[in-house]
Structures are given as structure tokens and as C-alpha cells.
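Now for the letters of each chain:
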Amino acid sequence: MSSDLSQQKVEISVDGVSMIFGKKGKQATVLQDISFDVYQNEFVSLLGPSGCGKSTLLRLMADLLQPSSGQIIIQKEHPREVRLRRKFGIVFQNPTLFEWRTVRENIELPLEVMGQDRSVYRTVVDQLLETVGLMKFKDYYPWQLSGGMQQRVAIARALSLDPPILFMDEPFSALDEFTKEKLHYELLEIKRKTNKTIVFVTHSIPEAVFLSNRILVLSAHPGRIHSIHPVEFGEERSLQLRESASFHAMTASIRNCFYEESGTNEHQMG
Amino acid sequence: MSSDLSQQKVEISVDGVSMIFGKKGKQATVLQDISFDVYQNEFVSLLGPSGCGKSTLLRLMADLLQPSSGQIIIQKEHPREVRLRRKFGIVFQNPTLFEWRTVRENIELPLEVMGQDRSVYRTVVDQLLETVGLMKFKDYYPWQLSGGMQQRVAIARALSLDPPILFMDEPFSALDEFTKEKLHYELLEIKRKTNKTIVFVTHSIPEAVFLSNRILVLSAHPGRIHSIHPVEFGEERSLQLRESASFHAMTASIRNCFYEESGTNEHQMG
Amino acid sequence: MISKSFPFLFGLFFIFVWQFHGYHFLFRLERYQLPIPSDIVRSISDNGEILLIYTLYTGIEIVGGFLIGSLLGWLAAVAASYRPQAGAGGITILASMNAIPIVALAPIMNNWLGDGVASRIGIVSVMTMATMAVSTYKGLQSIESTYLELMTSYAASKGQIFLKLRLPKALPAIFSALKINMSTSIIGAIVGEFFIASRGLGYLLSDQIRLANMPLAWACIVIAAIAGIFLYTIIQLLERTCMPWSVTRR
Amino acid sequence: MKWAKPAHQGAVVAVWIALLLLLWEFIAWLLHALMLVKLPDSKLPYLHKVIISLQDNLPVLIKQGLLTFGNAGIGFLIGSAIGISLAIIMSLSNTVELTLTPYMVASQMIPIIGLAPILYGILHDPDLSRIMMAGYVTFFPVAINMLRGLHSVQPEQIELMRSLAASTWHSYLKLKLPSAMPGLFAGLKISAPLAITASIIVELMGAPNGIGVLMISSLYYGAAQVYMFWSTVLVSIAIGLVSFYLLVLLERWLTPWQPEFRESGSGGT
Amino acid sequence: GSVKSVSMSPDTSAAASTSSTTKNEPLKKLKIQLKWVPQAQFAGIYAAKEKGFYKDEGIDVDIVPGGPDVIIEQQVVNGAADLGVSSFDSLLVNRDNGLPLVSVAQVTQKSSYRLLSKKSTGIDTPAKMKDKKIGTWMGSQQFQVLAFMEKNGLDPKKDIQLVKQGFTMDQFFGDQLDVATATIYNEYYVVLESGVKEEDLNVFNFDDAGVAMLEDTLIAKKDWVDKNRDLAVKAVRATMKGWIYAIEHQDEAVDIVMKSVTAGSTTKQHQTTMLKAMAKLVKPEGFTNDQVGSFVDESVKRTADIALQYGLIKKPADLKASLDTTILAAK
Ligand SMILES: Nc1ncnc2c1ncn2[C@@H]1O[C@H](COP(=O)(O)OP(=O)(O)OP(=O)(O)O)[C@@H](O)[C@H]1O
Ligand SMILES: Nc1ncnc2c1ncn2[C@@H]1O[C@H](COP(=O)(O)OP(=O)(O)OP(=O)(O)O)[C@@H](O)[C@H]1O
Ligand SMILES: Cc1ncc(C[n+]2csc(CCO)c2C)c(N)n1
Ligand SMILES: [Mg+2]
Ligand SMILES: [Mg+2]
């Protein structure tokens, strides 16, 4: 799909979006004039220096913040409509678990909110607990979990809804490489099976290259689009790909462009 | 130093440590019979699957938890003595910032607690703000920061004490590669200059290889030491090293040993 | 803009309905049960001097009792959180002081402190102490363990943990207690005056209400209400200045 | 810094009570025997005499105490319900909070003696009026603390519920109310003993029975009843203690996730 | 027996005549609000209930206790009670402020209030009360104290310090007061019971000074009386019958009262002295049984005059409208 974008249906369109935080007098422009499209069933990764506005951009798309200017259209509608129709799931940078709910109950939350029947989603949740490897811990409370385990609960929670769109903010950052890779495959499999569109924030360039159809590199202060990199590896991603020369070349090229961008901004890094 | 360990002074000695959580009846053995030494001015990384007990081990060394059995000796003393003499700094997996303190005030916290004079530590804190690239944000409150920025505040806070021992729990996990690399160099520089001993938890094998003198790989359920890997690259770590073949070989070998360990445990991953 | 001025407009509307017998009509009340605002205002202006003097008199009791009671309660909570194992029990006892009604407190305090302001300051102090103690203690104790671990790793003394972690964390709870205590103080001073006092808003109120002089009785209530809202606002402002981090957030 | 286990804590409370009672007897002795003050019995009678009187009148005190306790329970339930509802309504929007706050504060300034004629006038039902008055005395602490609890929800958790397009109902049921539980309990613990006061105050509005009636009667009938008076004070404190302690247990049971109730220090984060 | 009284509405008179002739009519509910907790001060009412006097009249009486926070006039006006035991002076001021109430019977004929001073203070004449702290209960109750002072040549505004007295006598014992108010049926005995000897006290009597105001009176809402005249007549009649019975059988009446007081709050002996004192107030020397409950013009007028003179009421009381003598007269 990455080869002929014009043929694809646009799922999310971000158009001239800027975001300014703070009240008058003490304002900070965090995002400036961001425009890009995400196509249906596409996996787009956002890369960029710490504090450049990736999480903010995700929040804008999820209708959790309103842009100071510009607009975002998802499935031809305002993000609010899309949110109200529960068309997306979101994984925040922090696990954001409810401390009074066990692992299982945290994962069930979206399903409860959607009013689904417990008997119906039992198996779904069991399946998810297996996927993220927390079956044994299903009755633990969040404070009894390690950081990575908490993050996995958050991932399972977002997946439980089975939404057509996923916004994921560094979901795998606290996971070991083995668990991470396992979840990479799971995520790609889920995307393939259920035709999901995914917008994904990460700091790991190999991760972005391995998973994405396109990679957006942002620059900082204010956050702008530095460059867009289509990743032309087709839909089938495997261990071989990770070890291929083209994979390393792509990784290196993005790293370079990233360094070049960050390097010029070094005096105001952050 | 890594080449002749027996010559080195033992800084931390972990001896047959086990850790059991929970009350009788619902107990879980998290760490079992862990023994290893950390030498003075050594950089030891802990690698292991999510939930295997790395953070717990760090807490045990920092006298924040007491082992169920076994003992830990630091600088020939009980960890409590070492803690009371403020010989170590700690970076938790979560930033754990005080929401009522600005960035600057959060970094100053340990210095205040130590009773140092504000006029004395002003420049130290300024220096740290530069190092972690948050000078412009020194008056922000934690909730105005991005995830990576919060993590950098936590790092600066731990460094502000300038302790001889540092315990760091995935300190760079939320940082982009450029910022991370910059901080790698800073950290190594600080270690070299001030002769620090560092115990470092990470999920990034390249990071561990790049930074460490030795790498401990833990296995899960219960957490045990799977293998110990000396990293023989000397004290000078540079960009060239990262791109060298021996670096990649080392990375690959640890990844293999890691996979092998996790793979066998796959049915109870997490 | 509309939402900002809404509370004010609503207030005007509330008084308007009251003035034109809206509530009297609705609840079938008579003016000798609930006077209308103009009666109350007239009564205030007719009795301006005495009301002013009495307000000041009662004000001393309110502020004195509020400060002493809140401070004592606060100190009790701090002491209790120093040794929570033993302290929790002490807080339980203090909390149960809230179960002594003013009817009982008034004669006791009169015997101890005489029939002047001191007696009501005593009553109000007892009434406010428990609330502050319970609230503050909860705030001081309810701390996520990582934060305590962080301070422990600095070998922070109990005092430092208190000053730099527990106290800021407990501020919202402390301010809740101050808000409750503020209203307790006013009503406590006024009701305390029912029993023995020969001056003050409460004395006047209880006297006039028996004489069915409702406008003057309600003048006392209205003054107390205005004082209450005024003091509440002050505490809110204080809360904002003491906790800038939480205010800017919303 | 964990709370002692309930059983252990009960023992600690008992020690406190013992110490305070000793202190009482000591101060009484000072007043009676050493300082020879006027009216020592009205200031602070000898504890042992109060206890003797308490023992003599135990059946009556228990009967009246239970009656008052029962009424306090009703008042407490009503007051808590009002307080919780008000806090929820106020948390719905800033404007609502700003609009209602002054009325809520002002309402607390109306003494029962001023409120009663209006309430009777509106409700024309003495029983209902009494219940409302008991609720009126207890709702404020609950409302304030509950409101604080509702405001203490983490912004990110709210964002999560928003992203799920959770209805207002769901975001309260599943997020805001659980988050507000610690605050709510702080309020309930303050208002539970206050409910005893409230039910006694309501008894002063003309009730045939109850600790409050015993209290004013024994004051009114003078010196002969002074030990009886102090007995009623002790009983009301005791009821307050019991009601507070019940809430301590209830809180532990309903909100075991609170940091101070957790079994062992910390999790992985 | 049954007497047809003058009645405003044919409805009620019809109802009245049937209810008094046939015994199996359902009893009419009636609430009487006391001004204080159950005690011998209200012995007549309790006796009437216990001895079935109300029932004989076809009335089921519910006696509502009072308390420090109960305002009788408000209770009656609100309909929380049909009849209330209030004070006549209090009725006047409430009427002056617009409450549509009337008195239907006057229970006490003499003032129960006394001023007490300890002999040790040397205050043995009213004149010596100059500049002293005088305790009294306020509400409407301080006015006869003012009248008493003026009568004895003191300026009530300047010469004395009037102080609010609580419902214990502790201020008096603790010398916070030089002169205290006491009712002859309770506080006076409270003082004696505390060990103060009768001969150590100076007692000043308002009646003797001619400044007494009328106290315990039965009040009702005006339109209630108009609509339920017959019921009012019967209730008052039964109440007064109860009083006469209580005065004549004091031991039994105290026993009856003791059934209603909160156990442990008072002693039988205390209530016995209380009833003895009350008996003299309700049926003073020279009164016949028929006169119990009636309005003595002179006392009524004196009460109204003092009330007006000291500003308790602002306009002269319309005594015709303030009391309904027809209720008691309708025998
Ligand atoms: N409420 C706020 N007020 C002011 N500035 C804010 C606020 N929220 C976020 N910012 C600023 O917006 C910028 C972008 O934040 P954001 O969380 O989007 O960064 P990010 O790209 O996700 O960074 P990271 O990789 O570290 O998570 C930061 O500089 C931050 O300081
Ligand atoms: N209070 C507790 N009660 C019970 N189990 C606990 C408790 N705290 C931690 N654990 C368990 O201890 C194990 C190790 O946790 P720890 O945080 O040390 O893992 P970790 O190696 O740091 O993992 P991660 O890489 O995900 O951070 C986990 O399985 C966790 O469930
Ligand atoms: C505040 C107060 N007001 C009045 C009285 C006197 N008093 C108490 S009950 C009652 C009516 C029946 O006895 C009277 C006149 C008091 N002691 N305290
Ligand atoms: Mg982010
Ligand atoms: Mg960890």
C-alpha cells in the first residue's frame, strides 16, 4: 500500500494545525503548522526529539485537546464525532491505570463503558491477557505490577475495544526486547486482521522502521514536520527483515536525518 | 578495569538475596538467590524480561526494601548506613516528581534535604539544567512537561547530590535517540570524572553494551541471574565503538542469550 | 463571559424571587416565618449600630476559636502522624469530640471560662479541632510509597519528609478542613451565644426570634451568611496562593 | 507508615482512653482537693463518681444512647446523601460550583432555631423536618471533602474516559466516584460524630426521649443531676467514637487500594 | 356533660354535637406543644390524658415535649401543634409581630419568677441591686425584671447590668451573677438542693411588687379556633379538669408525670415539689375550681401594660383579640 498512496482512502487529515499552550503573556507555541494525512490501514510513526509535541499531536487527533488553529478531519468528520462513536483506542505515555481495579478489571473498562455484556467479553479479555502475558497476574492491583507490566495492561486495555484506529504513545518503551518484539508481531497481526489504522509515537528508530508504512520526523521548538519517510517493505515484516541490509540502511538514513535536525537545534535541545 | 576484576575493590556485594512479596498464603517469590558483586567505579547493567525483578533488586540495594533472605553489603556496611550517609542517588522508573515544585525546585530537593546552602548549589543546578537541556523550562511545573522532560528532571535530581553510587532504573527509556546518546556521553563523563559506581537497569541491549563494564542478565519467575557478561571495550566509549563490529557482535551475543532465556519461558512470559 | 457572571445573576434572581414572595408562595410561608429582603435590609439599617458592635463581638469569637481550634487540631494531626501507630488512636478520640453538642459544651465552657468571649472561643475551638485533626492526618498519611522511598533514599529526616513531602501533599485536605471550620466557627459562636451570652449576634438572634421579630433575627443570619461567604472566599484565595501548581492546572 | 491493623488499633484506642480517663481523674483531683475551686463538680467532677452514676443509670443511658445513635444514623445517611449529591452536582461544571458554593456556605449560617420554623412551615411534618435538620447539620463536611475528592482525579484518567466517549454517568461511576472515595471518607469521618450532635440538637427541638433530652434535663434540674450530665457527655463521646471507628473499618474494607492500606511498600514503578 | 357553645360554622357544631353524644365516634387527634421537657409544670395535661379526660371528650391527645430550641408560637402557627403552652407576654409580642394567635386559657395566675440573691452579697433590698449583675432569661422574660427595677426606683436602662442566664444555676453558684432569676417550681429548689440554705437567700417576688406578668397560657392559631371551636372547648375543658385533678391528687399526678419524664433525668421528689409550687400558681388562694384556667382582667391588663411600657410590644395590645374567653366560658 505504501507504494501508491494516492490510491488510498485518507483516514486522518491534519491540516495546518498549530498548538499554543499557556495564557496570554506566557504562551509557548508547541506545534506549528502541521499538515499530513494518514491513510486507511496505514501504520504511521511519529519520531522526534523529547518535548517536540508528539504526545500533544496525538491528543489533538484524539479530540482530547483542541488545536489553536488549523483542523483535523478523521473519516471525513470532526475528531469529536469519531471519538463519540468510539472509533479509536488510545495508549497514553503513562499507563494511566485505575488503582482500584485489578489488571483484568482495568482491561475490561472500555468494554464496560461501551455497555457490552460481561459474558460476551470474557474470552476477549482472556485472549488479551494471554497476548500481553499477564494471565497469571490478572487479579493483581496496579501497584503490585512492574512498570513494564503496567504498560502492557494499558496496551491490552486499548486493544480490548477493537477500534479501527489506534493512537499509541510509546507503548513499548518500558518493555524488554523479547517482549517488545513479540508484541510487534502481535500488533502487526492485529492490524492486518482487523484493518486498523495506527498512529504510533516512538523513540526507537528500528521499531518505527520495522512497524511503519510511513515515518514522520518532527523537529522541535516549535514542533514542525521535518521530513516524511515512506517505508517500502511491504506488509510482511519478519525477523529476516530486521536483519536485512535495507532495514539497516533505512534505519541509518532516518537516524541521520534525525541527528541533523537535532544537531542544529542542539543549543535548545529538549 | 573490566579485565582484571579481582584487583578491584568490591563496592556492592549482593549475597544470596531472595525477595518474597505478599502475605502468607498468597506469596510470590520475585527474586531468588541472587549473588553478585559490583566493583568500585564499575558500570553494571541489569537486563531482563519485564517483571523479572530488576526494580526490586535496585530497591533492595538502596535499602528501600529489605530482602526476605540473604544480605547486601555496600562499602562494607549495611545499605542503611550507606543510605544514611547519602552515598547514593536513585532514579526511579517513574519520574516521581513533586507536583508542587517547579523543575528547578525538584532538582534542588536533595540538596535542600542535605542542608546545603542555596547560594552554593545555584551553579550546580544551573549546570544540571543545561546538561539535561531543560534550562528554558526551569520554572515549569511537572504537568507542563512532556514525559521525556520529566524523566530528565528525575535524572538531574539524582545527579545533583553527586553521590559516589548511582542506581538508575531505565532512566533514558522515554528519550529520543539523540538526547539519549548525548546523555550517555554525559553520564560516562560524570562517572569518569567523579569515579562513580553505577547500577543501571535498561531494556536496550545496545545501551547496556555501550555503557557497561558488565552486564547481568536476569531470568524471570523467579528472578535469578541467568548470565553475567563482561564488556571489554575499555573506558573510552565513542561513536566509532557503536558502529564497530565487535560492538554489534557483543550486542548480538547478549540478545541471543536473552532470547534463549526468554524463549524457554515463553509460556509464562511477563 | 456569561458563565462568569452567571453566579452573580443567579444571586440577583434568588433575591428578586425572595423579595417578591416567590418562596412564600411556593412553600406557603408567611412573612412572620421568613421575612423578605427589604424587611431585613430595613432592620439592618434601623439597628445598624448594635449590629455592628455585635458583629465585631461575635467576630472575635469566630476568629479566635477558628484559629485556636484549627491550630490545635493541626498540631494534633502532626503529632499523630509522627507516630501513626499510636497517633491514629488519638485522632479517633479527638474526632469523637465532634459528638459533644453545644448544649453540653456551653455550660462546661461557661464554668471554665466565664460568660465572656473566652467561653465561645472555647466552644468553637473544641468544635473545629476534630475536623482539622482528622483531615490533616489523612492528608499527611496518604502518600504514594515511591515518594516516601525517594525521601528515604536521601536519608531525609522525619521533619524534612514532613515539610517537603507530607505537608504540601496534605494542603488540599488542610484547606478543606479550614473551609469546614470556618463555617463551624461562625455557627458555633452564634449558637454558643444562645445559652449564656449577653451580647453578640447569636444572643440577639435567639432573643429576637423568640419575640418573633423576624426581620432583626434574619438580619443576624444574613450578616452571618455574608461573613461566611466572605471568609470562605478568603480561604479560597489563600488556597490559590498557597497551591499555585494546582490552580493553574484547571 | 501504615495504619496499624484494625485489631491492634482498637487496643491503641483503648490505651488512649485509659490515659485520658486517668488524666481526667487527676485534673478533677487537682480542682477538688488542691485548688479548691468553686463548683468543682460543674467544672470537672471526679471521674469515679461519674462512672458510678453511669453504672447506676446504665440501662437508661444505653436505651437513650441507642435511640440517639439510631437517629444519628438516619441523619448521617441523609446528610451524607445530600452532601454527596451536592458535591457531584457542583463538580459537573465550574459555573455550577461557583453558583452553588455561596448558598451552601450561607445555608450553614442558619441556626436550627431559625431553620426549624421554615422547615416545619414547608414540610408540615415534624418527623420529616427533624430528619432534614439532622441532614442539614451533617452534609457540609461531606460535600466539601467529596468535592475535593472529585477534583483530585488525575487529568490523564479523565482523558482516558473521554477517549472512550464515556457518558457522564460512566465517568462518575467508574472514575470520579472511586477517585473521590478517600476524600469522601475523610468527610464521612468528620460528619459521623457530628451526626450524634445533630441528632441531639434535633432532640432539643422537642423530643420525648434521647441522650439530648437527658442532657438538658440534667442541666436544668441542677446539682443533683451533675453526674448524670457528665454521664451523658461520656455516652455521646462514646457513640461518636463507635461511629468514627465503624467508618475506619468501612474505609479499609471498601478502599483497600489506598496507599496507606497496602500490604507491602511498593510496586515496580 | 355537653354544652352547645356559640359556634361560627354550622359544620363544626354539628360534628361537635354528635361526637359528644355517641362514644364510638373515632377520636379526634389533637397535639399539645409543651414549652419544656415533660415535668410537673404540665401535670394537668398529663393527668387529663392519663385519667381519660381527653378521651371522654372524644379527643386523642398527643403531648409534644418542648426544649430549649422550640419556639412554641412558631410550632402552633405552623400547625406542628394545635395547642401550645406558652407565656402570655410571649403571646402578646408574637401577636404584635403579626402571628395570628390567641390564648384560649390562662394556666398560671401568678408569676413563678423570683429574684434570688445570696445573703452574703448583702443585696437585701431592690435598691441594693444598683450596678449589680442581674441574670435573667431574656426572650420576653426580662421585662418584669425591668418593671421591678423601675418600681423600686432604679433606672432599668442604666442602674443595673442585665445579663443572660443559662438554664443552669451555675452562674449564680459561681458568683458570675449577683442576682439570679429562678422559677419557684424549679430553679429555687435547684438552689436549695445544691446546699444553699433558705435562710441564706433573699427572695424577691414580682407579684408582691405588683409587676408580675402572666406566664403559662394555652395558645392556638386564630383560624384553627374558628374552625374547631368545639374541639377547642373540649380540649380546654379536659385540660382544666386535669389540672384540678392534679392539684387535688398531687401524689398520683406526680406518678403520672414520672411515667412521661425521661428516666433518670429527674427525681420523684423534685417533681413533687414542682407540682406543689405549680398548684399555688394555677389555683392560688381564693380561686375556685371553676376559675382555674380563666383570665383575670387585672393580671391580663398588667401584663399588657408592662409589655407596652418597656417596648416589648410597639402598639397597645388588642386584648379582646388576644384571648378568647368564650372557650373556657362554654361550659
Ligand atoms: N499544559 C502545558 N502548558 C505549557 N506547556 C505544555 C503543556 N503541556 C505540554 N507542554 C509543552 O509542550 C511540549 C510538547 O509536549 P509533548 O508532551 O507533546 O512532547 P513529546 O513530543 O510527547 O515529548 P516526549 O517524547 O518527551 O514525550 C513540551 O515542551 C511541553 O513543555
Ligand atoms: N507489592 C507487591 N506485591 C506483590 N508483587 C509485587 C509487588 N511489587 C512487585 N511485585 C512483583 O514483583 C515482580 C518484579 O517487579 P519489578 O518491578 O522488580 O520488575 P522489573 O524487573 O522492574 O520489571 P519492568 O522491567 O517491567 O520494570 C513483578 O512480577 C511484580 O508483580
Ligand atoms: C434559656 C432559658 N430560658 C428560660 C429558662 C427558664 N425556663 C426553662 S424551662 C422554662 C419553661 C418551663 O419551666 C423556663 C421558664 C431557662 N432556664 N433558660
Ligand atoms: Mg510524549
Ligand atoms: Mg522495573
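What counts and what doesn't
Residues numbered from 1 in each chain as written. Chains lettered and ligands numbered in written order. Predicted model: local features only at pLDDT ≥ 70, side-chain atom pairs only at ≥ 80, totals over all residues. Heavy atoms only, no water. Near = heavy atom within 4 Å. Polar contact = N/O pair within 3.5 Å; in protein donor to acceptor, adjacent residues only side chain to side chain. Areas by Shrake-Rupley, 256 points an atom, 1.4 Å probe, with all protein chains shown as cover. Helix = DSSP H or I, 4+ residues; strand = E, 2+ residues; numbered from the N terminus. Contact = heavy atoms within 4.5 Å. Buried area = accessible area lost by both parts, 1.4 Å probe. Salt bridge = Lys/Arg side-chain N within 4 Å of Asp/Glu carboxyl O. Nonpolar A, V, L, I, M, F, W, Y, C, P; charged D, E, K, R; others polar. Donors = N, O, S within 2.8 Å, 3.2 Å for Na, K, Ca; no water. Buried < 20%, exposed > 50% of the residue type's maximum accessible area, 1.4 Å probe, protein only.

Named according to an unreviewed UniProt entry, chain A is Sulfonate ABC transporter ATP-binding protein originating from Paenibacillus ferrarius.

K.L.:
Explain the site of ligand 1 here, please?
P.N.:
Taken together, 20 residues lie around ligand 1, and A:Lys54, A:Ser55, A:Thr56, B:Gln144 and B:Ser146 are the ones closest in. Looking at what sits near ligand 1, you find residues from chains A and B. Contact between ligand 1 and A:Lys54: an oxygen atom at 2.7 Å from a main-chain N or O atom of the residue. Here an oxygen atom of ligand 1 and a side-chain polar atom of A:Ser55 are 2.5 Å apart. Surface burial for ligand 1 is 91%, taken as the share of its 640 Å² of free accessible area covered by protein chains. Looking at the shell around ligand 1, the elements that each hand over two or more residues are helix 1 (54-61) of chain A together with helix 5 (147-160) of chain B.

K.L.:
Help me out: how do you make sense of the interface of chain E and chain C in this one?
P.N.:
Interfaces are often described in size by the accessible area the parts lose on coming together. Counting from both sides, the interface comprises 31 residues of chain E and, opposite them, 23 residues of chain C. Among the residues chain E hides against chain C, the three largest losses belong to E:Ile71, E:Lys164 and E:Gln176. Together they make up 26% of the total. Across the contact surface, chain E and chain C share one salt bridge. The residue C:Asp115 makes a salt bridge to E:Lys133 at a minimum N-O spacing of 3.8 Å. There are twelve residue pairs in polar contact (both at pLDDT 80 or more) connecting chain E and chain C. Mapped by element, the contributors of at least two residues to the side of chain E that touches chain C are helix 4 (72-78), helix 5 (88-96), strand 7 (161-164) and helix 7 (170-173) of chain E. In terms of residue class, the side of chain E that touches chain C is built from twelve nonpolar, 14 polar and five charged.

K.L.:
What should I look at first to understand the coordination of the magnesium ion (ligand 4) in this one?
P.N.:
Reference geometry at the metal: tetrahedral coordination by four donors gives ideal angles of 109.5 degrees; octahedral coordination by six donors gives 90 or 180 degrees. Residue and element names in this part refer to chain A. Within the protein, the magnesium ion (ligand 4) binds to Ser55 (OG) and Gln93 (OE1); these donor distances fall in the range 1.9 to 2.1 Å. With Ser55 in helix 1 and Gln93 in the loop between strand 5 (88-91) and helix 3 (103-113), the pair connects residues that are 38 residues apart, well separated along the chain. The exposure class assigned to Gln93 is buried, which follows from its relative accessible area of 17%.

K.L.:
I would appreciate a short explanation of the interface of chain D and chain C in the present structure.
P.N.:
In this complex, chain D contributes 71 residues to the contact, which on the side of chain C involves 69 residues. Where chain D meets chain C, there are three salt bridges. Ionic pairing is found between C:Lys138 and D:Glu260, a salt bridge with its closest N-O pair at 2.6 Å. Joining chain D to chain C, the criterion identifies 13 residue pairs in polar contact (both at pLDDT 80 or more). Of all elements in the fold, only helix 1 (6-34), helix 2 (40-43), helix 5 (94-107), helix 6 (112-123), helix 7 (126-151), helix 9 (168-203), helix 10 (211-220) and helix 11 (226-254) of chain D reach the threshold of two or more residues within the side of chain D that touches chain C. A breakdown of the residues in the side of chain D that touches chain C according to their chemical character gives 46 nonpolar, 18 polar and seven charged.

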